[in-house]
Amino acid sequence: MILNIVFILAILFVSLQIEKSRLNIASPLTIVVLTLLIKFIYPDFMGYLNREIFSEEMLIFIVLLILADAYVIKLKDIKENWISLFYLAGVGVVLSVLMGVFLTQEILKDQYLSYGALVALFAMCMATDPVAVIAVFKKFKVPHKLKFLAEGESLFNDAAALIMFNSFGIAILTGVVIDLDYTVLVVSKVILLAILIGFVIGFIGTLFIKFINDLRSELILIILMAYSAFEVAEIFHASGLLAEIVAILTITTIIHKSFELEEKRLNKNKEIFIDSMTHSKERNQFKVKKYMNKFMVDITNAHRHKDVGDILEILAL
């Protein structure tokens, strides 16, 4: 177990160093290559994973993977590109799964797989790695819209794929009849309820974050809200990943709004400060100290928010 952790940390360290070197290779690619190489040399690498609890381990880790991506997505971009995002992460996932199901039935006629098994299989294939997408796109200068669509699609299609897997693939395997009533139930309960739960938990998180003035507390709170949203949604049989995404989007949106307000206040303070330079020396010193303190607090908050994102990215990698 300890040796595996050593390998994991070594892989991550080497990958980050290669990314910063002249080779400039995105860290996810190096991580995959080094992992396969170590697995070839040392077959027992990651051998401690237990098949019986593998699904639970995956759920624990996938929340962190989704969190790292959701933290950098902005609501403004979603509003401007929601149609494209809905097509890529929603319609595209459904059509791809259906295409896979019907083509497999035609191509592999001698290998019988039920519709439920095929839906579950191809739903799993639709999920992409949001962390790898972010890391790769950081290495290139691409149009903002293209960058957002790639990151947003990789984020939301994970939720869409899991909904397809649980609500349709597994449902068909267990004998549930998929009709219009069932589809409406899935949309209203699994999706809309998840959005509501995510918003409520995200709003609660913003109430606490206002009183935070250090990096560690903000990092822990963000992770806590992500796992809480996921777990509460799963308890009510809603989409945990979608609830997590909405919760983090709620928190980051309110944080960004506060940054915009602070920037306006800073600009106003700057104007007042420049105007005050014509007054007495003592008064000038008082205003300099006051506005510099205010400026440093605002800058620290913005830097802290960015540092939280960097730490989440490392944890996800």
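Residues numbered from 1 in each chain as written. Predicted model: local features only at pLDDT ≥ 70, side-chain atom pairs only at ≥ 80, totals over all residues. Heavy atoms only, no water.

Asker: So what's going on with the overall build of the protein? Which residues, and what values?
Answerer: From N to C terminus, the protein includes 12 helices and 0 strands. Helices and strands in the protein line up, N terminus first, as α-α-α-α-α-α-α-α-α-α-α-α. Split into buried and exposed, the 317 residues of the protein put 38% on the buried side. Put simply, 74% of the contacts in the protein that link residues at least 6 apart link residues at least 24 apart. Total accessible area on the protein is roughly 19,500 Å²; 70% of this is exposed by carbon and sulfur atoms. (Helix = DSSP H or I, 4+ residues; strand = E, 2+ residues; numbered from the N terminus. Buried < 20%, exposed > 50% of the residue type's maximum accessible area, 1.4 Å probe, protein only. Contact = heavy atoms within 4.5 Å. Areas by Shrake-Rupley, 256 points an atom, 1.4 Å probe, with all protein chains shown as cover.)

Asker: Outline helix H2 (residues 27-41), listing residues and values.
Answerer: Compared with an ideal rise of 1.5 Å per residue, which puts 15 residues at 21 Å, H2 spans 21 Å between its outermost C-alpha atoms and is within 8% of the ideal. The elements touched by buried residues of H2 are helix H1 (2-20) and helix H7 (130-137). (Expected span 1.5 Å × (residues − 1).)

Asker: Could you give me a rundown of the packing of helix H6 (residues 115-126) against helix H8 (residues 144-173), with the residues and numbers involved?
Answerer: Relative to each other, H6 and H8 sit at 170 degrees, their axes nearing to 8 Å. Between H6 and H8, the angle is such that the two are roughly antiparallel. Every pair of crossing elements has a handedness; the one defined by H6 and H8 is left-handed. Facing Tyr115, Gly116, Ala117, Val119, Ala120, Ala123, Met124 and Met126 of H6, the residues of H8 in contact are Asn157, Ala161, Met164, Phe165, Phe168, Gly169, Ile172 and Leu173. Of the residues that constitute the contact of H6 with H8, the class distribution is 13 nonpolar, 3 polar and no charged. (Axes fitted to C-alpha atoms, helices over the stretch in contact; angles between N-to-C directions. Parallel < 35°, antiparallel > 145°, perpendicular 65-115°, else oblique. Left-handed = near helix turned anticlockwise from the far one by under 90°. Nonpolar A, V, L, I, M, F, W, Y, C, P; charged D, E, K, R; others polar.)

Asker: How would you summarise the packing of aromatic side chains if you had to cite specific residues and measurements?
Answerer: A full pass over the atoms with the stated rule returns 4 aromatic pairs. Centroid distance Phe168 to Tyr182: 5.9 Å. Interplanar angle 85 degrees. Geometry classified as edge-to-face. In this pair, Phe168 sits in helix H8 while Tyr182 sits in helix H9 (residues 180-209), placing the two residues 14 residues apart along the sequence. Tyr182 matches Phe168 in its accessibility class, with the two residues each being buried. (Phe/Tyr/Trp six-rings, centres within 6.5 Å; stacked < 30°, edge-to-face > 60°.)

Asker: Outline the side chain of Glu244, listing residues and values.
Answerer: Take Glu244: it is sitting in helix H11 (residues 240-276). Ignoring any residue separated from it by four or fewer positions in sequence, one finds Glu244 in contact with Val63, Ile66, Leu67, Ala226, Ala229 and Phe230.

Asker: Outline the packing of helix H5 (residues 82-107) against H6, listing residues and values.
Answerer: The N-to-C vectors of H5 and H6 enclose an angle of 130 degrees; their axes lie 9 Å apart at closest approach. Classified by the interaxial angle, the pair formed by H5 and H6 is oblique. Seen from above, H5 lies across H6 with right-handed handedness. Contact residues: H5 offers Val93, Ser96, Val97, Gly100, Val101, Phe102, Thr104 and Gln105, while H6 offers Tyr115, Leu118, Val119, Phe122, Ala123 and Met126.

Asker: So what's going on with the pattern of salt bridges? Which residues, and what values?
Answerer: For the coordinates displayed, the defined rule picks out 3 salt bridges. As a salt-bridge pair, Lys147 and Glu151 come within 2.8 Å of each other at their nearest N and O atoms. A residue pair is termed a helical-turn pair when its members lie 3 or 4 positions apart in one helix, as Lys147 and Glu151 do in helix H8 at 4 residues. Accessibility expressed as a relative area gives 27% for Lys147, which makes it partly exposed. Here Glu218 ties to Arg304 by a salt bridge, and the two come within 2.6 Å at their closest N and O atoms. Of the two residues, Glu218 sits in helix H10 (residues 215-235) while Arg304 sits in helix H12 (residues 281-316), which places them 86 residues apart along the sequence. (Salt bridge = Lys/Arg side-chain N within 4 Å of Asp/Glu carboxyl O.)

Asker: Can you explain the side chain of Glu313? Please cite residues and give values.
Answerer: Tracing the chain through its elements places Glu313 in helix H12. Among all residues touching Glu313, those that are not within four sequence positions of it are Ala68, Ala135 and Lys138.

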